[in-house]
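Below are the chains, spelled out letter by letter.
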Amino acid sequence: MASTRFELLGRLCGYFCDDCQTPLAGATLRIYRPAPGSNTTALAVAHPKETFAILSDEQVAEKKSRLLAEAVIADDGSFRVLLGDKQTYAGEAVEIDVHCGTMKFNGAPPPSPNVQFSATTLQPMWRQREGAAVAVFEYCLSSRYWCAVLARLGLWVICGRLTTCAKPTLPIASATVKAFDVDWLQTDVLGSAVTDANGQFTIYYTRAQFDRTIFSPLINLEWTGGPDVYFRVEAAGAPILVEPPSKGRTPGRENVGHCLCVALCTDDVPNTNPEKD
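Just so it is clear, the model here is predicted, and its values are computed rather than measured. (Residues numbered from 1 in each chain as written. Predicted model: local features only at pLDDT ≥ 70, side-chain atom pairs only at ≥ 80, totals over all residues. Heavy atoms only, no water.)

**Quick look at the sheet that holds strand 5 (residues 67-72)**
Right, on to step 1. Taken in spatial order, the five strands of this open sheet run 4-8-7-3-5, and their pairing is antiparallel. Of all the strands in the sheet, just strand 4 (53-55) and strand 5 have a single pairing partner and so form its edges. The average undirected angle you get between the axes of adjacent strands in this sheet is 30 degrees.
Right, on to step 2. The pairing of strand 4 with strand 8 (residues 116-122) spans three bridges and is classified as antiparallel. (Pairing = 2+ DSSP bridges. Helix = DSSP H or I, 4+ residues; strand = E, 2+ residues; numbered from the N terminus. Axes fitted to C-alpha atoms, helices over the stretch in contact; angles between N-to-C directions.)

Here it is as C-alpha coordinates:
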(Lines give C-alpha, C1' and ligand atoms only; values in the text may rest on other atoms or scores of the structure.)
Protein backbone atom coordinates (compact mmCIF):
# COMPACT_ATOMS: atom_id res chain seq x y z
CA MET A 1 0.00 0.00 0.00
CA ALA A 2 1.51 3.32 -1.07
CA SER A 3 0.30 5.32 1.91
CA THR A 4 2.17 5.36 5.21
CA ARG A 5 -0.80 6.66 7.25
CA PHE A 6 -3.81 4.64 8.31
CA GLU A 7 -6.88 6.53 9.53
CA LEU A 8 -10.01 4.84 10.84
CA LEU A 9 -13.15 6.96 11.15
CA GLY A 10 -16.80 6.27 11.83
CA ARG A 11 -19.51 6.29 14.48
CA LEU A 12 -20.41 4.14 17.47
CA CYS A 13 -23.78 3.91 19.23
CA GLY A 14 -25.87 1.58 21.35
CA TYR A 15 -29.54 0.61 21.26
CA PHE A 16 -31.79 0.70 24.32
CA CYS A 17 -34.53 -0.89 22.20
CA ASP A 18 -35.34 -1.21 18.50
CA ASP A 19 -36.34 2.43 18.02
CA CYS A 20 -34.16 4.15 20.63
CA GLN A 21 -30.40 4.51 20.52
CA THR A 22 -27.65 6.70 21.93
CA PRO A 23 -24.20 7.71 20.65
CA LEU A 24 -21.36 6.40 22.81
CA ALA A 25 -20.40 9.99 23.53
CA GLY A 26 -17.32 10.51 25.68
CA ALA A 27 -16.27 6.86 25.68
CA THR A 28 -12.70 5.99 24.77
CA LEU A 29 -12.24 3.93 21.63
CA ARG A 30 -9.28 1.56 22.00
CA ILE A 31 -7.81 -0.30 19.05
CA TYR A 32 -5.57 -3.33 19.60
CA ARG A 33 -3.56 -5.79 17.58
CA PRO A 34 -5.17 -9.25 17.84
CA ALA A 35 -3.64 -11.69 20.29
CA PRO A 36 -0.86 -13.86 18.85
CA GLY A 37 -2.25 -17.05 17.35
CA SER A 38 -5.84 -15.80 17.06
CA ASN A 39 -7.79 -16.55 13.88
CA THR A 40 -8.37 -12.94 12.80
CA THR A 41 -9.89 -13.97 9.46
CA ALA A 42 -12.67 -15.90 11.18
CA LEU A 43 -13.17 -13.33 13.95
CA ALA A 44 -13.46 -10.46 11.46
CA VAL A 45 -16.58 -12.02 9.93
CA ALA A 46 -17.97 -13.57 13.11
CA HIS A 47 -21.39 -12.78 14.60
CA PRO A 48 -21.23 -10.22 17.45
CA LYS A 49 -22.11 -12.94 19.96
CA GLU A 50 -18.73 -14.49 19.13
CA THR A 51 -16.71 -11.28 19.58
CA PHE A 52 -18.60 -9.14 22.14
CA ALA A 53 -17.29 -9.48 25.69
CA ILE A 54 -17.24 -7.37 28.83
CA LEU A 55 -13.65 -7.56 30.03
CA SER A 56 -12.23 -8.02 33.51
CA ASP A 57 -9.51 -5.70 34.82
CA GLU A 58 -7.02 -8.50 34.28
CA GLN A 59 -8.04 -8.91 30.63
CA VAL A 60 -7.72 -5.17 30.01
CA ALA A 61 -4.25 -5.18 31.56
CA GLU A 62 -3.23 -8.15 29.40
CA LYS A 63 -4.15 -6.23 26.23
CA LYS A 64 -2.18 -3.10 27.14
CA SER A 65 0.96 -4.13 25.25
CA ARG A 66 -1.10 -4.64 22.07
CA LEU A 67 -2.67 -1.15 22.08
CA LEU A 68 -2.30 0.58 18.71
CA ALA A 69 -4.28 3.78 19.24
CA GLU A 70 -7.14 5.33 21.17
CA ALA A 71 -9.47 8.31 20.81
CA VAL A 72 -12.35 9.89 22.72
CA ILE A 73 -15.68 9.52 20.90
CA ALA A 74 -17.41 12.82 20.07
CA ASP A 75 -20.85 13.87 21.29
CA ASP A 76 -22.50 12.61 18.10
CA GLY A 77 -20.75 9.24 18.37
CA SER A 78 -18.20 9.98 15.66
CA PHE A 79 -14.49 9.29 15.93
CA ARG A 80 -11.31 9.65 13.91
CA VAL A 81 -8.16 7.83 14.93
CA LEU A 82 -4.69 7.44 13.42
CA LEU A 83 -3.53 3.83 13.69
CA GLY A 84 0.06 4.45 12.66
CA ASP A 85 2.32 4.08 9.68
CA LYS A 86 3.87 1.14 7.87
CA GLN A 87 6.59 0.83 10.48
CA THR A 88 4.09 0.14 13.25
CA TYR A 89 0.99 -1.07 11.41
CA ALA A 90 0.41 -2.63 7.99
CA GLY A 91 -3.37 -2.61 7.58
CA GLU A 92 -4.16 -5.92 9.23
CA ALA A 93 -7.24 -6.81 11.31
CA VAL A 94 -7.68 -5.10 14.67
CA GLU A 95 -9.71 -5.54 17.84
CA ILE A 96 -12.18 -2.73 18.61
CA ASP A 97 -12.77 -2.05 22.32
CA VAL A 98 -14.69 0.68 24.14
CA HIS A 99 -13.76 1.98 27.59
CA CYS A 100 -16.75 3.57 29.36
CA GLY A 101 -14.89 5.30 32.20
CA THR A 102 -14.79 8.63 30.34
CA MET A 103 -18.50 8.68 29.47
CA LYS A 104 -20.86 11.22 31.03
CA PHE A 105 -24.45 10.25 31.77
CA ASN A 106 -27.38 12.55 32.54
CA GLY A 107 -28.12 12.05 36.22
CA ALA A 108 -26.31 10.04 38.86
CA PRO A 109 -22.80 8.83 37.90
CA PRO A 110 -22.44 5.08 37.31
CA PRO A 111 -21.40 3.17 40.44
CA SER A 112 -18.89 1.07 38.45
CA PRO A 113 -17.63 3.37 35.65
CA ASN A 114 -14.44 1.60 34.56
CA VAL A 115 -16.05 -0.93 32.27
CA GLN A 116 -14.38 -1.95 29.02
CA PHE A 117 -15.88 -4.23 26.40
CA SER A 118 -14.71 -5.77 23.15
CA ALA A 119 -17.12 -4.84 20.36
CA THR A 120 -15.70 -6.79 17.43
CA THR A 121 -12.65 -7.79 15.42
CA LEU A 122 -12.43 -5.70 12.26
CA GLN A 123 -10.56 -6.05 9.00
CA PRO A 124 -10.71 -2.45 7.74
CA MET A 125 -11.44 -1.95 4.05
CA TRP A 126 -8.69 0.56 3.31
CA ARG A 127 -9.11 3.11 0.52
CA GLN A 128 -6.52 5.60 -0.67
CA ARG A 129 -7.58 9.20 0.02
CA GLU A 130 -5.51 12.40 0.18
CA GLY A 131 -2.22 10.70 0.98
CA ALA A 132 -3.67 8.34 3.58
CA ALA A 133 -5.31 4.94 3.72
CA VAL A 134 -8.79 5.54 5.13
CA ALA A 135 -11.42 3.07 6.34
CA VAL A 136 -14.89 3.63 7.78
CA PHE A 137 -16.41 1.69 10.67
CA GLU A 138 -19.96 2.38 11.85
CA TYR A 139 -21.39 0.10 14.49
CA CYS A 140 -24.37 0.17 16.85
CA LEU A 141 -24.54 -2.37 19.66
CA SER A 142 -27.81 -4.25 19.91
CA SER A 143 -29.98 -3.62 22.96
CA ARG A 144 -28.96 -7.02 24.28
CA TYR A 145 -25.32 -5.98 24.49
CA TRP A 146 -25.62 -2.28 25.33
CA CYS A 147 -28.08 -2.95 28.15
CA ALA A 148 -25.67 -5.60 29.46
CA VAL A 149 -22.96 -2.92 29.55
CA LEU A 150 -25.31 -0.55 31.41
CA ALA A 151 -26.03 -3.30 33.93
CA ARG A 152 -22.30 -3.77 34.56
CA LEU A 153 -21.96 0.02 34.97
CA GLY A 154 -24.74 -0.11 37.55
CA LEU A 155 -27.07 2.08 35.49
CA TRP A 156 -30.75 1.90 34.59
CA VAL A 157 -32.18 3.98 31.74
CA ILE A 158 -35.59 5.11 30.53
CA CYS A 159 -35.77 6.13 26.88
CA GLY A 160 -39.05 7.52 25.62
CA ARG A 161 -40.97 9.83 23.35
CA LEU A 162 -43.76 12.25 24.21
CA THR A 163 -46.41 13.02 21.58
CA THR A 164 -50.01 14.13 21.32
CA CYS A 165 -52.50 11.27 21.59
CA ALA A 166 -54.68 12.57 18.76
CA LYS A 167 -51.73 12.75 16.39
CA PRO A 168 -48.91 10.42 17.52
CA THR A 169 -46.55 11.80 14.87
CA LEU A 170 -46.68 15.24 16.52
CA PRO A 171 -43.94 15.48 19.19
CA ILE A 172 -44.15 17.62 22.30
CA ALA A 173 -40.89 19.46 22.88
CA SER A 174 -39.53 21.27 25.97
CA ALA A 175 -41.67 19.29 28.40
CA THR A 176 -40.26 18.00 31.68
CA VAL A 177 -40.74 14.27 32.19
CA LYS A 178 -40.37 12.98 35.74
CA ALA A 179 -40.10 9.27 36.48
CA PHE A 180 -41.10 7.67 39.77
CA ASP A 181 -40.92 4.24 41.40
CA VAL A 182 -43.94 3.24 43.43
CA ASP A 183 -43.06 1.45 46.67
CA TRP A 184 -45.20 0.15 49.51
CA LEU A 185 -43.77 2.68 51.97
CA GLN A 186 -42.84 5.68 49.81
CA THR A 187 -42.49 6.99 46.27
CA ASP A 188 -38.96 7.28 44.89
CA VAL A 189 -37.97 9.92 42.34
CA LEU A 190 -35.88 8.18 39.66
CA GLY A 191 -35.00 11.31 37.67
CA SER A 192 -36.22 13.79 35.08
CA ALA A 193 -35.40 15.03 31.59
CA VAL A 194 -36.62 17.65 29.12
CA THR A 195 -37.94 16.43 25.78
CA ASP A 196 -36.06 17.50 22.66
CA ALA A 197 -37.50 18.75 19.35
CA ASN A 198 -38.56 15.18 18.51
CA GLY A 199 -40.26 14.68 21.85
CA GLN A 200 -37.56 12.26 22.96
CA PHE A 201 -36.07 12.02 26.45
CA THR A 202 -33.58 9.86 28.32
CA ILE A 203 -33.36 9.39 32.09
CA TYR A 204 -30.49 7.53 33.76
CA TYR A 205 -30.66 6.37 37.37
CA THR A 206 -29.06 3.88 39.76
CA ARG A 207 -30.33 1.26 42.19
CA ALA A 208 -29.70 3.69 45.06
CA GLN A 209 -32.56 5.80 43.73
CA PHE A 210 -35.22 3.10 44.00
CA ASP A 211 -34.20 0.60 46.70
CA ARG A 212 -34.10 3.10 49.56
CA THR A 213 -36.92 3.34 52.08
CA ILE A 214 -37.72 5.56 55.04
CA PHE A 215 -35.64 3.04 57.03
CA SER A 216 -32.62 3.07 54.68
CA PRO A 217 -29.84 2.11 54.83
CA LEU A 218 -30.91 -0.43 57.46
CA ILE A 219 -33.86 -1.77 55.45
CA ASN A 220 -34.22 -1.78 51.66
CA LEU A 221 -37.16 -3.46 49.95
CA GLU A 222 -35.78 -4.04 46.44
CA TRP A 223 -32.49 -5.87 46.81
CA THR A 224 -33.27 -7.69 43.57
CA GLY A 225 -35.36 -6.76 40.57
CA GLY A 226 -36.14 -3.32 39.25
CA PRO A 227 -38.50 -0.43 39.96
CA ASP A 228 -42.19 -0.05 39.17
CA VAL A 229 -42.34 3.04 36.98
CA TYR A 230 -44.90 5.76 36.40
CA PHE A 231 -44.61 9.33 35.06
CA ARG A 232 -45.63 12.94 35.54
CA VAL A 233 -45.12 15.43 32.72
CA GLU A 234 -45.15 19.23 32.92
CA ALA A 235 -45.03 21.92 30.25
CA ALA A 236 -44.97 25.67 30.71
CA GLY A 237 -45.21 25.11 34.46
CA ALA A 238 -48.45 23.11 34.25
CA PRO A 239 -49.05 19.33 34.49
CA ILE A 240 -50.05 17.83 31.14
CA LEU A 241 -49.82 14.13 32.04
CA VAL A 242 -50.23 12.68 35.53
CA GLU A 243 -50.16 8.89 35.74
CA PRO A 244 -51.47 7.28 38.93
CA PRO A 245 -48.95 5.28 40.99
CA SER A 246 -50.97 2.16 40.14
CA LYS A 247 -49.64 2.47 36.58
CA GLY A 248 -46.32 1.22 37.96
CA ARG A 249 -47.97 -2.09 38.87
CA THR A 250 -49.09 -2.84 35.31
CA PRO A 251 -47.40 -5.15 32.76
CA GLY A 252 -44.42 -3.48 31.10
CA ARG A 253 -43.96 -1.03 33.98
CA GLU A 254 -43.53 -3.42 36.90
CA ASN A 255 -40.10 -4.61 38.00
CA VAL A 256 -38.45 -3.20 34.86
CA GLY A 257 -34.98 -4.13 33.67
CA HIS A 258 -31.98 -1.93 33.00
CA CYS A 259 -33.51 -0.57 29.77
CA LEU A 260 -37.09 0.66 29.62
CA CYS A 261 -38.54 2.22 26.45
CA VAL A 262 -41.88 4.01 26.66
CA ALA A 263 -44.25 5.98 24.46
CA LEU A 264 -46.16 8.68 26.35
CA CYS A 265 -48.94 10.81 24.96
CA THR A 266 -51.30 13.59 26.05
CA ASP A 267 -53.64 16.06 24.40
CA ASP A 268 -53.51 18.43 27.36
CA VAL A 269 -50.85 20.69 25.85
CA PRO A 270 -50.90 24.37 26.88
CA ASN A 271 -50.50 27.03 24.23
CA THR A 272 -47.06 28.43 24.92
CA ASN A 273 -47.17 30.87 22.00
CA PRO A 274 -50.53 32.62 22.28
CA GLU A 275 -51.50 34.97 19.47
CA LYS A 276 -51.43 38.62 20.32
CA ASP A 277 -54.73 40.39 20.59
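**Some remarks on the pairing of strand 15 (residues 229-235)**
Right, on to step 1. Among the seven residues in strand 15, five count as buried, and that is most of the element.
Right, on to step 2. Sheet topology places strand 12 (residues 176-182) next to strand 15; six bridges connect them, and they run antiparallel. In the strand pairing of strand 15, Asp-181 is matched with Val-229.
Right, on to step 3. As judged from the four bridges shared by strand 15 and strand 16 (residues 238-242), these two strands associate in the antiparallel manner. Bridging from a neighbouring strand, Glu-234 pairs with Pro-239 of strand 16.
Right, on to step 4. Hairpin geometry of strand 15 and strand 16 is characterised by an intervening segment of two residues between the two adjacent antiparallel strands and by a positive phi of about 55 degrees at Ala-236. (Buried < 20%, exposed > 50% of the residue type's maximum accessible area, 1.4 Å probe, protein only.)

**Overview of the state of the cysteines**
Right, on to step 1. Evaluated as defined, the whole model comprises five disulfides.
Right, on to step 2. Through a disulfide, Cys-165 is tied to Cys-265; the S-S separation comes to 2.2 Å. Its torsion about the S-S bond being 95 degrees, the disulfide of Cys-165 and Cys-265 is classed as right-handed. Placement of the pair is Cys-165 in the loop between strand 11 (156-163) and strand 12 and Cys-265 in strand 17 (residues 259-265), with a sequence separation of 100 residues.
Right, on to step 3. A relative accessible area of 33% places Cys-165 in the partly exposed class. (Disulfide = S-S within 2.5 Å.)

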